[in-house]
Amino acid sequence: MTRTDVIVIGGGLHGCCTALHLARRGLRPIVLEKNTVGRHASGVNAGGVRQLMRHTAEIPLSMAAMAAWETLAETLGPELAANCGFVGGVGQIGIAQSAQEMDWCHERVAEMHALGYDFEEVIDQEELRRLVPSVADICRGGLVSRRDGHANPFRTTQSFRRRAEQLGARILERTRVIGLEQGDGGWTVTTDNGVFRADIVVNCGGAWAWQAGAMVGEGFPKSHFASTLMVTSRMPHFIDPVVIGIDRVLSFKQTEAGTVVIGGGILGDPDLDEETAETVADRMMESAETVYEFFPILRKATIVRTWAGLEALMPDIIPVIGPSRVARGLWHAFGFSGHGFQLGPIVGSVLADLILDGESPIPLDAFSPSRFTAEGKLKPQAH
Amino acid sequence: MTGTERENCELAIIGGGPAGLAAATLAARLGVETVLFDEQPAPGGQVYRNIEANSRETGLLTPILGADYARGLDLVRAFRASGAGFEPMSAVWQVAANGKVGISRDERACLVRARRVILATGAMERPVPVPGWTLPGVIGVGAIQTLMKASGIIPDRPVVLAGSGPLLYLVAFQLAKAGAPLQAVVDTSGGSLASAARQALPILAGFAGDLLKGLSWIAALKARGIALYRGGYLSIEGVSRVEAVSFRSGGRRIRIATALLALHEGVIPNNQITTSLRCQHAWDRTQLAWRPETDAFGATTSPLVAVAGDGAGIAGARAAVHRGRLAALDAAFRLGRISRNERDDRARADRQALLREARFRSFLDRIYRPSEAMRRLDDETIVCRCEEVTAGELRQLIGEGFSDVNQLKSFSRCGMGQCQGRMCAGTIGRLLADETKADIADMGQYRLRIPVKPLPLAELAALGNADRNSGPVLEVADGDPSQRI
Amino acid sequence: MFRRLQPDDLSATIYFDGRAIRCRSGESVAAALLSAGIARFRSTPVLGAGRMPHCMIGVCFDCLLEIDGQADRQACLVPVVDGMDVRSQEGAGRYDIQ
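It should be emphasised that the depicted structure is a prediction, and the values quoted were computed from it without experimental measurement.

The rules behind these values
- Residues numbered from 1 in each chain as written.
- Chains lettered and ligands numbered in written order.
- Predicted model: local features only at pLDDT ≥ 70, side-chain atom pairs only at ≥ 80, totals over all residues.
- Heavy atoms only, no water.
- Helix = DSSP H or I, 4+ residues; strand = E, 2+ residues; numbered from the N terminus.
- Rg over C-alpha atoms; globule rule 2.2 N^0.38 Å.
- Buried < 20%, exposed > 50% of the residue type's maximum accessible area, 1.4 Å probe, protein only.
- Contact = heavy atoms within 4.5 Å.
- Areas by Shrake-Rupley, 256 points an atom, 1.4 Å probe, with all protein chains shown as cover.
- Lys, Arg positive; Asp, Glu negative; His and termini not counted.
- Charge placed at Lys NZ, Arg CZ, Asp CG, Glu CD.
- Buried area = accessible area lost by both parts, 1.4 Å probe.
- Salt bridge = Lys/Arg side-chain N within 4 Å of Asp/Glu carboxyl O.
- Polar contact = N/O pair within 3.5 Å; in protein donor to acceptor, adjacent residues only side chain to side chain.
- Nonpolar A, V, L, I, M, F, W, Y, C, P; charged D, E, K, R; others polar.

> Quick question: what am I supposed to make of the overall build of chain B here?
The number of helices and strands found in chain B is 17 helices and 23 strands. What you see for chain B is a C-alpha radius of gyration of 23 Å, in line with the 23 Å of a compact globule of 485 residues. Each of the three principal axes of chain B carries a C-alpha extent, and together these read 75 × 55 × 40 Å. The proportion of buried residues among the 485 residues of chain B is 64%. Considering only residue pairs separated by 6 or more positions, chain B has 66% of its internal contacts joining residues 24 or more positions apart. As displayed, chain B has an accessible area near 17800 Å², and 50% of this comes from carbon and sulfur atoms. For chain B, the separation between the mean place of its 59 positive charges and that of its 49 negative charges on side chains is 6 Å.

> Just checking my understanding: could you explain the interface of chain A and chain C for this structure?
Frequently, the measure chosen for interface size is the accessible area that the parts lose on association. If you look at the interface, chain A gives 15 residues, while chain C gives 13 residues. Between chain A and chain C, the buried area comes to about 1100 Å², and carbon and sulfur atoms account for 55% of it. A per-residue breakdown of the area chain A buries against chain C is headed by Arg 234, Ile 297 and Lys 300 of chain A, which together make up 47% of the total. Inspection of the chain A/chain C interface yields zero salt bridges. Linking chain A to chain C there are five residue pairs in polar contact (both at pLDDT 80 or more). A class-by-class count of the residues in the side of chain A that touches chain C yields nine nonpolar, three polar and three charged.

> I'm lost on the interface of chain A and chain B in this one. Help?
Counting from both sides, the interface comprises 65 residues of chain A and, opposite them, 48 residues of chain B. Summed over both partners, the interface of chain A with chain B buries about 4600 Å², with 55% contributed by carbon and sulfur atoms. Among the residues chain A hides against chain B, the three largest losses belong to Asp 282, Met 285 and Arg 305 of chain A. Together they make up 14% of the total. Seen at the junction of chain A and chain B, the total is four salt bridges. In this structure, the salt-bridge partner of Glu 278 of chain A is Arg 278 of chain B, at a minimum N-O distance of 2.6 Å. Counting every contact that joins chain A to chain B gives 15 residue pairs in polar contact (both at pLDDT 80 or more).

> Help me out: how do you make sense of unusual backbone geometry in this one?
The phi angle of most residues is negative, glycine excepted, and most peptide bonds adopt the trans form. Residue and element names in this part refer to chain B. Of note, the amide linkage connecting Ile 450 to Pro 451 takes the cis form, showing an omega dihedral of -5°. Structurally, the position occupied by Pro 451 is in the loop between helix H16 (425–436) and strand E23 (455–456). One non-glycine residue with positive phi stands out, namely Tyr 233, at about 55°. With respect to the helices, strands and loops of the structure, Tyr 233 is situated in strand E13 (residues 232–238). Classification of Tyr 233 as partly exposed rests on a relative accessible area of 41%. Located in the positive-phi region is Glu 388, a residue other than glycine, with phi close to 55°. As for its placement among the helices and strands, Glu 388 is situated in the loop between strand E21 (382–384) and strand E22 (389–390).

Written out as structure tokens, the structure is:
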């Protein structure tokens, strides 16, 4: 039996970041990771650091995250920060091909202005060409968020892990939680690698987070998906911004190594029990078609690898962040529905605020676990 | 019909070497609609590469390559007469668990749905990571033989052969017969063939011909005055190409200046596809390689997929024929062409022949256990040829706590290049096991996903026979692009 | 570096970085270049090191060339077609932006 003050379930980016911030504030977190750190969504996502085209409920959190990305060195120290491979300020661009998509861009910016946000702007074809010289003539313009960028997801997760460890957190890999019980002495967390006791438990279990909820009788959606990426061989540097589609299936960026990582909502076949996912060629075709049409330079590119990561998917596509609705001392942060990487540096900080101060300066009501019924369905009013 | 027009077949066989040819021939004879896919223009695989053309031409090659090579012609003829379909020049970039085989041919990709798949992907030369092994002028011994078989070309300047395994002396002998200038042969295996054979005589009864053949190659090389060394701890020198090889031999270091160096430390199963299928694999402690676990008919843990031939563990070309036939019998049974009893009756002779081959193979495995390819790596040795990751870089990461080959890959890019880890998969596991004092069998393999051969994006964008609307549809608020996953 | 045992029927011509090379139609591009004395097929994208084919059976990917405008072609698997434009693949290769 190991006794500590806080247990974090899940060694992904959010779990490691939570451990980091809790350790920074004097706690001794132990992170329990069933595989290895960054094995699933945290390590294998597309690495987009994107404020662009986010759900409006996520924007305050996303803006705070952006500031955290830009000051990573303060959190991680210069070396670990550099290891994240964060490239900011290159922008993310939603590319419009049709008049309808351009119309949507204008509507979106009007909506954002009404909410008081001005980081998204509509660009015409000329500005699109200036930012992305490799784009094809069929692209009319789009929507840009100039502060956005990308980072290396696996390395970023490792940097947060290392920093958490430096600050006194323990990260236990190959340690699977099989029981979670609350008693007089706090939480008892049973694993296949020993029993742990703690006053506080934070559930950052990603696609498996609902299982921790089920252990305490708290229902969450079990839905998950396998986001697929394909990557080319190294190419000469040709693009700085990250580009995404509006109505078309598209998302890609060029990494520091020169490889081009192509995604955009291609689905693999998830296997939650085997804790893996297969990529499916039939479903990659559409994404390949879009980049083929939008980017002539990629017509000669070669796909070298594909991969898929398992990620929780909430029916309203926004995460669950907040206190358990059935037990004191249990906190949740999961369900990022495929776009949690950009929020990586902030969620752990927000959780530390919630846990230790009882409140967060950033509005989090939309993410409350209380939006679900006991069975884990979204309550009607939350739609 | 070409690979890009065919949409279905009952049995897809991947690879046209002895196992694939034997499997296709028998399956077709049993009435199974069979198609064999191969990357090369003609059947034969690597061992019988270009056998039809070389047999037709009255040139020099057939006598140089010898009777064992010539024997492949019967297999190819039987295959050609069997009625099985043949799709040459077809690169297979996926075999999915549901039987969808991804083919790339004539710059077009398509999917062919098969009810059963036999992988006969054979072997590749075991990579030999020693300092300097990436320099131009360093090539595989098997590659030299391939150049001879496929194109009739031989070295025109002094060549040094170094390594171990039967192929080393066979190729040296063939090069000598062909008139190539052979500078030296450096044998890195531990013992001598003659003394090992004497010790193993009881189990080798019946293989006198094979043994004598091996000894005769060595004798022929000696008779031609070619320098034969025993040595190890190879190091290759050169700036923009190989200039010399040095090695330790009998307590001293010998250096041979050369512009062409051929390395060989045996062959290992070509198991990219079974790995991508997440078939159960076992670490073979004798052959020092991963092989898919199979039943007696070659069936893997992936329900539709069998492996035949060296891809299921190295046993050689003669055994591959029997293994191909066994996989074909099982396919015919599973596809309803023959009964279980008929399968088992017909299997008996092939099984007995395999047992016989296995005895000789275990002898070969023992005397040719690789040493040079398995010795401790110098820090500067390149492990991943594509991404140029050195042993020293990997050691440092292991020291920092990375404990898994896939973590090492994600962080260092080792195994992420065009060869998709073919050339470094074994080395990275060995390095991790050595550094963490763990068992290499526990180190696991790279997680591989399709495509198992790089695929041009243009071909994927025009993928033939794809089921575009297959699979899950996410229940998310549609119509609003900001509601994106 | 390599020579042909039977130096006949060299009826095809391919161009390696502009240099005409006589070879046999249908043989691999890698064999054609090696028998013409070419040892450096490409340079690596990371260190810029020269490389020559190593395995000749499609597994090592050290024979990658740009063939008729397409990068990343495996020269050991691509058969010679008369008139082929073959270029050494330098680093990450050449791609036209439009």
